[in-house]
Amino acid sequence: EAKDITFILDELFKNKEVAEEKYGGRSGTGSYSFMIKGKGEIISLNTASRVGTLSIKLEKQYDSEIFITLGPVIKKDSIRDAVKFIKFNDFVNQLDFADVSRIIKTRVLNEIIGPLDLKNIVGKNVSFYGAITFDRPDKIFITPILIEVN
């Protein structure tokens with residue numbers, strides 16, 4: 001179940017270990033990932049990099065930069081690891097487990113990010129569902145599973 005991103009960030013900054021155990025999911029010994037939802041304002045668009053992003057300002061301010069990942073490269077396996085029903089041990093080999101993440105990312109790129117009108121997106125308000133991996137507190141990357149631009 002997705003929790004509000006401000007709730008998850010507050011919990012992580014207050015007590016990372018407790019928040020990870022209570023709300024997070026992970027594969028093996030990697031960083032924890034979390035299903036999140038939230039609202040914000042899009043303040044910039046970066047498509048110069050292959051790891052394209054929308055920078056967003058949440059309703060609550062943090063010392064972290066918050067991004068929605070646009071791709072075409074999505075680095076993290078946040079969605080696969082945040083949903084607790086895809087388990088590494090359910091797969092015969094590591095490649096099949098990696099394939100699950102690749103398939104999820106392809107669907108995100110084609111079905112969620114693909115239809116976005118990026119030309120006029122800066123300055124708009126956005127609602128989102130997605131997943132984050134908390135591996136560096138200064139930059140939070142949301143892999144979206146739903147984006148609504150208002």
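Our subject is the structure that appears above.
First, a word on scope: everything that follows refers to the structure included in this document. (Residues numbered from 1 in each chain as written. Predicted model: local features only at pLDDT ≥ 70, side-chain atom pairs only at ≥ 80, totals over all residues. Heavy atoms only, no water.)

## Concerning the overall build of the protein chain
The condition that has to hold: Each helix corresponds to a stretch of at least 4 residues labelled H or I by DSSP, and each strand to a stretch of at least 2 residues labelled E; elements are numbered beginning at the N terminus. Here the globule rule reads 2.2 Å times residues to the power 0.38, and the radius of gyration is calculated from C-alpha atoms. For every residue, the accessible area obtained with a 1.4 Å probe (protein chains only) is divided by the maximum for its type, and the residue is called buried under 20%, exposed over 50%, and partly exposed between those limits. Here, residues are in contact when the closest pair of their heavy atoms is within 4.5 Å.
On a plain count of helices and strands, the protein chain comes out with 4 helices and 6 strands. Here the C-alpha radius of gyration of the protein chain, 15 Å, is about what a compact globule of 150 residues would show, namely 15 Å. For the protein chain, the spread of C-alpha atoms along the three principal axes comes to 45 × 35 × 25 Å. Considering the protein chain as a whole, with its 150 residues, one finds that 44% of them fall into the buried category. In the protein chain, 63% of the contacts between residues at least 6 apart in sequence involve partners at least 24 apart.

## Brief notes about the packing of helix α1 (residues 5-14) against helix α2 (residues 16-23)
Stated formally: Axes here refer to lines fitted to C-alpha atoms; in helices the fit is confined to the stretch in contact. Angles between the N-to-C directions go from 0 to 180 degrees. We call two directions roughly parallel when the angle between them is under 35 degrees, roughly antiparallel when it is over 145, roughly perpendicular when it lies between 65 and 115, and oblique otherwise. Asp, Glu, Lys and Arg are counted as charged, while Ala, Val, Leu, Ile, Met, Phe, Trp, Tyr, Cys and Pro are counted as nonpolar; the rest, among them Gly, fall into the polar class.
Contact pair α1 / α2: the axes reach a minimum separation of 5 Å and the direction vectors enclose 135°. Considering the angle they form, α1 stands oblique to α2. Of the residues in α2, those in contact with F7, I8, E11, L12 and K14 of α1 are K16, A19, E20 and Y23. Residues that form the contact of α1 with α2 fall into these classes: 5 nonpolar, no polar and 4 charged.

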